[in-house]
Amino acid sequence: MIPAVQKTNSDSNNVFSSIAFNALASLDNNGHLAEIIDQRNWSALQSSLETVFSPGLWFNLTVYDENMTPLNTAPICSGSPISNHIEAADYLCASMNANYAVYTIRLQLSGLN
Amino acid sequence: MLIITSLVVAILLLSTVVYVTEIEKNAPVYVADGDSSLSAVKQTTVHTLVSALANISMGGNRGVLTDDLNRFKSALENHRYNAISELDFTASNSAPYSDGIWINWSNNGKSVSSIFVVFALNSTGNSASYYSEYAINVTSSIISSGTYVPVNESQNQVTVTCNVFNEDEPASAGNLTLYYEQNDTAAWVPATSTNIIDWGNGTYVASFLVGTVAQNYPLPISVNCVDARGVSVWTNTTCVQK
């Protein structure tokens, strides 16, 4: 099987990676994203992404701890990719509560161009 | 001879232009706040400082500020595959801050919990590079004042107004707890059956009953506000009889 092409948000003109990055930054406003991760509430995280992205977009999100160990035990995605063109964005978020934690979030996004 | 000299001068000028153009391509770009990547780093920086302030204001070790910032720095510098980043930070030692922290819980009704840190971020990506210096101040503060009126021979109603601020803007309180000191007993008594009205603009009016106090006794009260982001501020003041 030929692997799908994955680009990162370092490439210019990557619409999906920009959308992914901005969506994560928006969700993290007021610490909401980190709060959900602190609670390990993966279903709430999936619901938040489904609210942000239209059904025409496919997403797959992985949360890593400071040692880059994946934290989400269940996949946080919306079915199967609808295109071989997949872009990804990395986002760093930190919890605001007194018990500090920092997470790296990798969000893959795909859609029909 | 003149033609050759002209050609040499032209080539020199042209090469200078090419050199300057190439140098400009490699120079870091100073970006405005609108850059999404930089804005995101700033946002995460603010969250890191709020976490440290919440921890310290709840009695945590002051060293948690540096510890948390080093963890953030490590995550930023090591785990981003799309850019090479370097983050430096300096905790402010300008008065009234010490090692970036200023906790001033006073007896005049005005108290502050605050952190102030200066950052320098150098980031190099495939498509752009930038350098940014920015300072972040996270400050939670409250202003409290109160009065009391006798409601009968054995009870007085105390009314306390608390204004909550984050970065000098009205903010929400997550939890307000009040204590009072009755008749110079030097023991703080938790206020019970406290009725708190939230005006929705950072102003809270709390009322509760206390027992008999001496005529015109300046009733000491203590207010603990944990704001919506988890930062704690204590302040003491006295209530005058109306």
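Residues numbered from 1 in each chain as written. Chains lettered and ligands numbered in written order. Predicted model: local features only at pLDDT ≥ 70, side-chain atom pairs only at ≥ 80, totals over all residues.

Looking at the domain arrangement of chain B
Residue and element names in this part refer to chain B.
Okay, step 1: In terms of domains, chain B is made up of domain 1 (28-140) and domain 2 (142-241).
Okay, step 2: Using only C-alpha atoms to locate each centre, domain 1 and domain 2 end up separated by 33 Å.
Okay, step 3: The interface of domain 1 with domain 2 comprises 17 residues on the first partner and 16 residues on the second.
Okay, step 4: Residue assignment for the side of domain 1 that touches domain 2 shows that the elements contributing at least two residues are helix 2 (36-57), strand 3 (110-125) and strand 4 (129-150).
Okay, step 5: By residue class, the composition of the side of domain 1 that touches domain 2 is six nonpolar, ten polar and one charged. (Domains from an automatic or database assignment. Contact = placed C-beta atoms within 7 Å. Helix = DSSP H or I, 4+ residues; strand = E, 2+ residues; numbered from the N terminus. Nonpolar A, V, L, I, M, F, W, Y, C, P; charged D, E, K, R; others polar.)

Regarding the packing of helix 2 of chain B against helix 3 (residues 64-78) of chain B
In a pair of packed helices, the angle between the axes and the distance between the axes together describe the arrangement.
All names here are of chain B.
Okay, step 1: Following both chains from N to C, one finds helix 2 and helix 3 inclined at 155 degrees, their axes separated by 9 Å at the closest point. Judged on the interaxial angle alone, helix 3 and helix 2 are roughly antiparallel. Along this stretch, helix 2 crosses helix 3, giving a crossing that reads as right-handed. Residues Val 41, Thr 44, Thr 48, Ser 51, Ala 52, Asn 55 and Ile 56 of helix 2 pack against Val 64, Leu 65, Asp 68, Leu 69, Phe 72 and Leu 76 of helix 3. (Axes fitted to C-alpha atoms, helices over the stretch in contact; angles between N-to-C directions. Parallel < 35°, antiparallel > 145°, perpendicular 65-115°, else oblique. Left-handed = near helix turned anticlockwise from the far one by under 90°.)

Some words on the pairing of strand 5 (residues 102-111) of chain A
Residue and element names in this part refer to chain A.
Okay, step 1: Within strand 5, nine of the ten residues are buried, which leaves it mostly tucked inside the rest of the structure.
Okay, step 2: With eight bridges connecting them, strand 2 (residues 57-64) and strand 5 associate as antiparallel partners. Bridge assignment links Thr 62 to a residue of strand 5, and that residue is Arg 106.
Okay, step 3: With nine bridges connecting them, strand 4 (residues 85-94) and strand 5 associate as antiparallel partners. By the bridge assignment for strand 5, Glu 87 is matched with Leu 109. (Buried ≥ 20, exposed ≤ 12 C-beta atoms within 10 Å, placed from the backbone. Pairing = 2+ DSSP bridges.)

Comments concerning the nonpolar core
Okay, step 1: Core analysis: the biggest nonpolar cluster contains 78 residues, and Ala20(A), Leu24(A), Tyr91(A) and Leu107(A) have the highest contact counts within it.
Okay, step 2: If sequence neighbours within four positions are ignored, Leu24(A) has contacts with Leu33(A), Ala89(A), Tyr91(A), Ile105(A) and Leu107(A). (Core = buried A, V, L, I, M, F, W, Y, C linked by C-beta atoms within 7 Å.)

Describing the packing of helix 1 (residues 15-27) of chain A against helix 2 of chain B
Okay, step 1: Where helix 1 of chain A meets helix 2 of chain B, the closest approach of the two axes is 11 Å, and the angle between their N-to-C directions is 25 degrees. What the angle tells us is that helix 1 of chain A and helix 2 of chain B run roughly parallel. The handedness of the crossing between helix 1 of chain A and helix 2 of chain B is left-handed. Taken together, the residues of helix 2 of chain B that come into contact with helix 1 of chain A (itself represented by Phe21(A), Asn22(A) and Ala25(A)) are Ser36(B), Ser39(B), Ala40(B) and Gln43(B).
Okay, step 2: Class assignment for the residues of the contact of helix 1 of chain A with helix 2 of chain B results in three nonpolar, four polar and no charged.

Examining the environment of Ser48(A)
All names here are of chain A.
Okay, step 1: Note that Ser 48 resides in helix 3 (residues 42-52).
Okay, step 2: Through-space distance from the C-alpha of Ser 48 to that of Leu 33 is 9.0 Å; in sequence the pair is 15 residues apart.
Okay, step 3: Not counting residues up to four positions away in its chain, the partners in contact with Ser 48 are Leu 27 and Ile 36.

Let's talk about helix 1 of chain A
Okay, step 1: Taking 1.5 Å of rise per residue, 13 residues should cover 18 Å, and helix 1 of chain A covers 18 Å from first to last C-alpha, within 8% of that figure.
Okay, step 2: Those residues of helix 1 of chain A lying buried are Phe16(A), Ser17(A), Ile19(A), Ala20(A), Phe21(A), Ala23(A), Leu24(A), Ala25(A) and Leu27(A). (Expected span 1.5 Å × (residues − 1).)

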